[in-house]
Amino acid sequence: MADKKDKKEKKIRECAWEKYSDAELKKVFDFAEGYRKFISDNKTERENNDESIREAEAAGFKNLETYIENGKKLKAGDKVYLTNMGKALALFVVGKEPLKKGMNILGAHIDSPRLDVKQVPLYEDTELAMLDTHYYGGIKKYQWVTLPLAIHGVIVKKDGTSVSINIGEKDDDPVFGITDLLPHLAADQMKKTGATVVEGEDLNIMLGSMPLKGEEKEAVKKNMLAILKDKYDVVEEDFMSADLEVVPAGPARDYGLDRSMIMGYGQDDSVCAYTSLRAILDETTPAKTCACLLVDKEEIGSVGATGMHSRFFENTVAELMNCMGEYNDLDLRRALKNSRMISSDVSAAYDPNYPSVNEKNNSAYFGKGIVFNKYTGARGKSGSNEATAEYVALIRKIMDDNKVTFQTSELGKVDQGGGGTIAYIAANYDMEVIDSGVAVMSMHAPWEITSKADIYEAYKCYKAFLKDA
Ligand code: MN
Ligand code: MN
């Protein structure tokens, strides 16, 4: 009896760790180390976009812009990328078949929950300089206090020059933070619900405490402005035209005694973006054109020019077709309709500390490989893109043929909650799309946790999909 049960369970959900040889295990850990460094150095969508471009160029990708401007022709095997405002990125490896036959597309998002600095952020209160923030994405606000925080981003001056900001990451950098009330005086606070124990308007960064000598009014604020002027040549009004993001300071770390996991900021959805990027960078001359789409604004509904709802991807495919000498409107529509996509976003990993929110047979587990979600959504699958049974069958075959460890899951119990991704937006082109991704614990917390085996299986999954879909 026991044997029979074990056999059945293994077939539906196998443990990736058990299948690795010593040589493969080394590959798993080496790959994870590259990922750990990448997410430590690239915490914002701009940083992710820029570093992805640097790595793509090193792998032979050229800016599609140069083809568009010079009327240069693209041919099979050519590799190109195009950025959207420095916050989203599309990469392509041109295939041998005409584009109207469709593409194999990997998609993920590169924005993560964080605290954005407001446009008029700087003020002084009781001789402390404070920086006001407006949180971005779905966060539990109480998790963001008493942590070392860093400020990343750009300040663009009226003359168009851009100043890059990154404070809090180097060992000898200062860090910032948001204070919390001492337990001795927290009797009223502790009676509040989790949603209000720390409120949005209380997420104020403490920026400094030392006054500018000789100043009487707002001397600490003036000191901050003097430092900003001296170091970055910016003035207070320049905050108006800035994209400044406050994120947890410090690198991602190996997690666990066996170092089998990674704890890092922004793994939703850098873990899918990085693995998708690595997969397309490995591509040479595929039959079908391969694409990788790294988008912004997923955490606030995929809206805006750099989000998945934007025409950016469609327009870029049109440009690509034009450079291939194949453009017409009908063929563009066919190219999108005939495409297949893995839309990757993180899944909620089963957490033994919180078993009540999951249904065990349809949960994602650490070490059990890349996760496929036939659908996401909430309240009766609302808001989800449901992959057809036929498409799921094709995906299963590709995974099994390429010995990729995978599992299927839902995001929590029915009626417990739910979530959305970019899948349904790509599906508007009438292409086959499935939700997939890496399981994460403490999702949307400042430090999220993933399994190195799952990261590696995600990379293998994307490579297999680009090759065989
Ligand atoms: Mn998210
Ligand atoms: Mn996500």
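Think of each chain on its own: its residues are numbered from 1, step by step along the sequence as written. Labels are handed out in written order, letters beginning with A for the chains and numbers beginning with 1 for the ligands. Under the rules for a predicted model, residues below a pLDDT of 70 receive no local features and side-chain atom pairs below 80 are neither given nor counted, while totals for whole chains, interfaces and linings still include all residues. The side-chain numbers reported here are obtained from all heavy atoms of the structure, hydrogens and water having been left aside.

**Quick look at the domain arrangement of the chain**
Domain ranges listed in this record stem from an automatic or a database domain assignment. According to the domain assignment, the chain consists of domain 1 (2–112 + 265–468) and domain 2 (115–248). We call two residues in contact whenever any of their non-hydrogen atoms come within 4.5 Å of each other. Contacts between domain 1 and domain 2 engage 18 residues on the former and 15 residues on the latter. Buried area adds together the accessible area that both of two parts lose upon being put together, with accessible area traced by a 1.4 Å probe. Of the roughly 1400 Å² buried at the junction of domain 1 and domain 2 (both faces included), carbon and sulfur atoms supply 54%. Any carboxyl oxygen of Asp or Glu that lies within 4 Å of a side-chain nitrogen of Lys or Arg is treated as forming a salt bridge with it. The tally of links between domain 1 and domain 2 comes to three salt bridges.

**Quick word on the sheet that holds strand S9 (residues 204–208)**
To summarise the sheet geometry, strands pair through backbone hydrogen bonds and adopt either a parallel or an antiparallel arrangement. In space, the six strands of this open sheet follow the order S8-S7-S10-S5-S6-S9, with antiparallel pairing throughout. The strands lining the two open edges of the sheet, one partner per strand, are strand S8 (162–167) and S9. Each neighbouring strand pair of the sheet contributes to a mean axis angle of 30 degrees, computed without reference to strand direction. Any two strands between which DSSP finds at least two bridges are classified as paired. Going along the chain from the N terminus, every DSSP run of H or I of four or more residues is numbered as a helix, and every run of E of two or more is numbered as a strand. Taken together, the six bridges between strand S7 (residues 149–156) and S8 define a ladder with antiparallel strand orientation. Paired with valine 156 across the bridge in S8 is serine 162. Here an axis means a line fitted to C-alpha atoms, over the contact stretch when the element is a helix, while the angle between two N-to-C directions is reported on a 0 to 180 degree scale.

**Here's the deal with the nonpolar core**
In this structure, Leu91, Ile280, Phe372 and Tyr462 are the most contacted members of the largest nonpolar core, which totals 57 residues. Ranked by residue count, the leading element in this core is helix H13 (residues 452–468), at 10 residues. Excluding its chain neighbours within four sequence positions, the residues that come into contact with tyrosine 462 are Leu106, Cys272, Thr275, Ser276, Ala279, Ile342, Ser344, Ile370, Ser436 and Gly437. In these notes, a set of buried Ala, Val, Leu, Ile, Met, Phe, Trp, Tyr and Cys residues joined through side-chain atoms within 4.5 Å is what counts as a nonpolar core. For the exposure calls, accessible area comes from a 1.4 Å probe over protein chains only, and a residue counts as buried if that area is under 20% of its type's maximum, exposed if over 50%, partly exposed in between. By size, the runner-up hydrophobic cluster in this structure holds 35 residues, among which are Val117, Leu131, Trp144 and Ile165.

**Let's talk about the coordination of the manganese ion (ligand 2)**
The protein atoms donating to the manganese ion (ligand 2) are His109 (NE2), Asp268 (OD), Asp345 (OD) and Asp345 (OD), with metal-donor distances spanning 2.0 to 2.5 Å. When the donor residues of the manganese ion (ligand 2) are listed from N- to C-terminus, their spacing reads H-x158-D-x76-D. Keep in mind that water is not among the atoms, so a site may look incomplete; donors are the N, O and S atoms within 2.8 Å of the metal, or 3.2 Å for Na, K and Ca. For the pair the manganese ion (ligand 2) and the manganese ion (ligand 1), the metal-to-metal distance amounts to 3.2 Å, and aspartate 268 bridges them. With aspartate 268 in helix H8 (residues 267–281) and aspartate 345 in the loop between strand S14 (340–344) and strand S15 (347–348), the pair connects residues that are 77 residues apart, well separated along the chain.

**Quick look at H13**
For H13, with 17 residues, the first-to-last C-alpha span of 24 Å sits near the 24 Å given by 1.5 Å per residue. Across the 17 residues of H13, 14 count as buried, placing the element largely inside the fold. Taking the backbone nitrogen of alanine 453 as reference, a side-chain oxygen 3.2 Å away marks serine 451 as the first, capping residue of H13. One fewer than the residue count of a helix, multiplied by 1.5 Å, yields its expected span. What qualifies as a polar contact is a pair of N or O atoms within 3.5 Å, subject to a donor-acceptor requirement within protein and to the restriction that residues adjacent in sequence count only when both atoms come from side chains.

**Considerations on the coordination of the manganese ion (ligand 1)**
The coordination sphere of the manganese ion (ligand 1) contains the protein donors Asp268 (OD), Glu299 (OE), Glu299 (OE) and His444 (NE2), at a distance range of 2.0 to 2.6 Å. Overall, the relative accessible area of 3% leaves aspartate 268 in the buried class. The exposure class assigned to glutamate 299 is buried, which follows from its relative accessible area of 13%.

**A word on the sheet that holds strand S4 (residues 103–109)**
The strand order across the open sheet built from nine strands is S1-S2-S3-S13-S4-S14-S18-S16-S17, with neighbouring strands paired in mixed fashion. Single-partner strands in this sheet number two, and they are strand S1 (62–63) and strand S17 (406–408). Looking at chain direction, strand S16 (residues 370–373) and strand S18 (residues 432–437) are connected through three bridges and run antiparallel. Residue pairing across strands places asparagine 373 opposite aspartate 435, the latter belonging to S18. Seen against the sheet, helix H4 (residues 45–58) touches strand S2 (79–84), strand S3 (88–93) and strand S13 (289–295) and runs at an angle of roughly 20 degrees to S3. Of the strands in this sheet, S2, S3, S4, S13, S14 and S18 touch H8, which is tilted by about 150 degrees from S4.

**Thoughts on the pattern of salt bridges**
This structure, assessed with the given rule, holds 33 salt bridges. The residue arginine 278 makes a salt bridge to glutamate 55 at a minimum N-O spacing of 2.8 Å. Of this pair, arginine 278 sits in helix H8 while glutamate 55 sits in helix H4; the two residues are 223 residues apart in sequence, bridging distant segments of the chain. Note that glutamate 386 is salt-bridged to lysine 374, the shortest N-O span being 2.6 Å. With glutamate 386 in the loop between S16 and helix H11 (389–401) and lysine 374 in the loop between S16 and H11, the pair connects residues that are 12 residues apart, well separated along the chain. Given a relative accessible area of 35%, glutamate 386 falls into the partly exposed group. Taken together, the salt bridges that share partners define one network made up of Glu45, Arg114, Asp116 and Glu245.

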